[in-house]
Amino acid sequence: AGILNFCANNYLGLSSHPEVIRAAVEALEKFGAGLSSVRFICGTQSIHKDLEEKIARFHQREDAILYASCFDANAGIFEALLTPEDAVLSDELNHASIIDGIRLCKANKYRYKHMDMQDLEAKLQDAQKHRLRLVATDGAFSMDGDIAPLREICQLAQKYDALVFIDECHATGFLGPNGRGTDELLGVMDKVTIINSTLGKALGGAAGGYTTGPKPLIDLLRQRSRPYLFSNSLPPAVVGCASKALDLLMESNAIAQSMAAKTQRFRSKMTAAGFTISGKDHPICPVMLGDARLAAVMAEDMLKRGIYVIGFSYPVVPKGKARIRVQISAVHSDEDIDRCVEAFTEVGRKHGALP
């Protein structure tokens, strides 16, 4: 029956969608393999501008700027935006790219406990002495599949006159009624100032990232953001497939909506089998096992049963919190999900993870 991939970030299955592939081929044939240049020299084509406009429209923001990856977007924003007079407040479990981006800036740095609103408020109170305050958080956290409490974060930001930044790499395309992300899911699209996200996961799966938000901010990034200024522009084929992926999402929310039922099926069946699944209502479904060796050998046995998953252990996750991170995709059928659960149950019993 072949091997089923249950560990990719291909949430919507668009990396193999025939229209997405066709759009990439057409862009490759029309615009070439690459531009051999950064954007401000000769690296900007009409398709790059069109994609930026489309991203801004999708997120209902004023403007957007493309990067080679969201890692570059996160590396490029904090240094350009924040000065030594400012403060950035970061969730302790933010993605490594957010952490690295914050390290590059000279702002005063505060780290609050994971999704702990009391601690964030205390840090915001302490940060009132600074000129500008920016709260930075993942929208959905990739290791645990949990979703940031954006309503509460935005309320605190409003109370203490702060801006809100979210990284939406594990939310764009499938969270919220129209797949616009956690800010749409939680009803705070008008309260989140800056969104960074990726084209390399749900939106075609190839490469690329972006920042979207107020036009003055995007204008600033075009002049000051080093990864934008000094990296080659996105290859036309990547731009083409991402643009088509956005077209498909804006034409219909059917693909995004299908994720909820598939995710619920896997989570409920795994819980009924006796497994502990971290997070809530997210297609990232970490099967918590605790022991690093157990996670590794179970993943190996799952592959023998035709299910491709990977064990995660320290230093990627904290010691004692090893897990197998399963990721549900819109292209998984109910039969695929059931086959995955059956394999987990067999392997779990074999290795003592289940009674």
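In this text, all values refer to a predicted model and were calculated from it rather than measured experimentally.

Criteria and cut-off values
- Residues numbered from 1 in each chain as written.
- Predicted model: local features only at pLDDT ≥ 70, side-chain atom pairs only at ≥ 80, totals over all residues.
- Heavy atoms only, no water.
- Helix = DSSP H or I, 4+ residues; strand = E, 2+ residues; numbered from the N terminus.
- Rg over C-alpha atoms; globule rule 2.2 N^0.38 Å.
- Buried < 20%, exposed > 50% of the residue type's maximum accessible area, 1.4 Å probe, protein only.
- Contact = heavy atoms within 4.5 Å.
- Patch = residues over 30% accessible without salt bridge, like charges linked within 9 Å, V, L, I, M, F, W, Y side chains within 5 Å.
- Areas by Shrake-Rupley, 256 points an atom, 1.4 Å probe, with all protein chains shown as cover.
- Salt bridge = Lys/Arg side-chain N within 4 Å of Asp/Glu carboxyl O.
- UniProt positions renumbered as here; feature names shortened; annotations may be inferred.
- Pairing = 2+ DSSP bridges.
- Right-handed = clockwise from strand over helix to strand, strands pointing away.
- Domains from an automatic or database assignment.
- Buried area = accessible area lost by both parts, 1.4 Å probe.
- Core = buried A, V, L, I, M, F, W, Y, C linked by side-chain atoms within 4.5 Å.
- Axes fitted to C-alpha atoms, helices over the stretch in contact; angles between N-to-C directions.

Visitor: I tried to follow the overall build of the chain on my own but got confused; where do I start?
Guide: Scanning the chain from N- to C-terminus turns up 13 helices and twelve strands. By the compact-globule yardstick of 20 Å for 355 residues, the chain fits well, its C-alpha radius of gyration being 21 Å. Looking at the chain residue by residue over its 355 residues, the buried ones come to 56%. Put simply, 72% of the contacts in the chain that link residues at least 6 apart link residues at least 24 apart.

Visitor: Looking at this model, I keep getting lost on a nonpolar patch on the surface. Mind explaining?
Guide: Taken together, the side chains of I3, L303, Y308 and I310 present a nonpolar region at the surface, about 350 Å² in accessible area. Relative to the elements of secondary structure, L303 occurs in helix α12 (residues 292-304). For L303, a relative accessible area of 38% gives the class partly exposed.

Visitor: Help me understand the UniProt feature "domain: Aminotransferase class I/classII large" (unreviewed entry) in the chain, please; the structure alone is not making it clear to me.
Guide: Under the UniProt annotation, "domain: Aminotransferase class I/classII large" (unreviewed entry) lies at residues 3-344. As annotated, residues 3-344 comprises 43% helix and 16% strand, and the C-alpha atoms at either end are separated by 14 Å.

Visitor: Would you take a moment to explain the pattern of salt bridges for this structure?
Guide: Side chains bearing opposite charge may pair, as long as their charged atoms lie close to each other. Under the definition given, this model contains 21 salt bridges. Among the salt bridges present, the one from E184 reaches R180, with a minimum N-O distance of 3.6 Å. Here E184 falls in the buried class, since its relative accessible area comes to 12%. Accessibility expressed as a relative area gives 14% for R180, which makes it buried. For K191, the salt bridge identified is with D190, shortest N-O distance 3.7 Å. Residue classification places K191 among the partly exposed residues on the basis of a relative accessible area of 40%. For D190, a relative accessible area of 64% puts it in the exposed group. Each member of the salt-bridge network shares a partner with another, and the members are R265, K269, D334 and D338.

Visitor: Explain the pairing of strand β3 (residues 87-91) here, please?
Guide: Note on strand geometry: in a regular strand, side chains alternate between the two faces of the sheet. With respect to burial, β3 is a largely interior element, five of its five residues being buried. Sheet topology places β3 next to strand β4 (residues 108-112); five bridges connect them, and they run parallel. Its bridge partner being in β4, V88 is matched across the sheet by K109. Since β3 and β4 lie parallel, the crossover through helix α4 (residues 96-104) that links them has a hand, and here it is right-handed.

Visitor: For this particular structure, what's the right way to read the side chain of T137?
Guide: Looking at the secondary structure, you find T137 in strand β5 (residues 133-138). Leaving out residues up to four positions away in the same chain, T137 has contacts with D91, N94, I98, Y112, A148, L150, I153, F165, I166 and D167.

Visitor: Teacher, can you tell me more about the domain arrangement of the chain here?
Guide: Many structure descriptions define interface size as the accessible area lost when the parts assemble. The domain boundaries assigned to the chain delineate domain 1 (16-251) and domain 2 (253-351). Just the C-alpha atoms count here: the centres of domain 1 and domain 2 sit 28 Å apart. Buried surface at the junction of domain 1 and domain 2, summed over both partners, amounts to about 1,300 Å²; 57% is from carbon and sulfur atoms. Among the residues domain 1 hides against domain 2, the three largest losses belong to M143, D144 and F174. Together they make up 42% of the total. There are one salt bridge connecting domain 1 and domain 2. For the salt bridge of D144 with R323, the shortest nitrogen-to-oxygen distance reads 3.2 Å.

Visitor: Any chance you could explain the nonpolar core here in plain terms?
Guide: Across soluble globular proteins, nonpolar side chains have a tendency to be buried as a group. The biggest cluster of nonpolar side chains holds 59 residues, and the ones touching the most others in it are F6, L199, F266, V287, I324, V326 and F344. Counting residues per element, this core draws most heavily on helix α10 (residues 236-251), at eight residues. Looking at which domains feed residues into this core, each of domain 1 (16-251) and domain 2 (253-351) supplies at least three. For I324, the residues in contact, after removing those within four places along its chain, are C285, P286, V287, L289, A295, M298, A299, V309, I310, G311 and F344.

Visitor: Looking at this structure, how should I read the sheet that holds strand β12 (residues 322-327)?
Guide: The strands making up a sheet associate through hydrogen bonds between their backbones, and the pairing can be parallel or antiparallel. If you walk across this open sheet you meet the three strands as β9-β12-β11, and the pairing is antiparallel. Either end of the sheet is taken by a strand with one partner, and the two such strands are β9 (284-290) and β11 (311-312). Docked against the sheet, α12 engages β9, β11 and β12, running at close to 40° with respect to β12.

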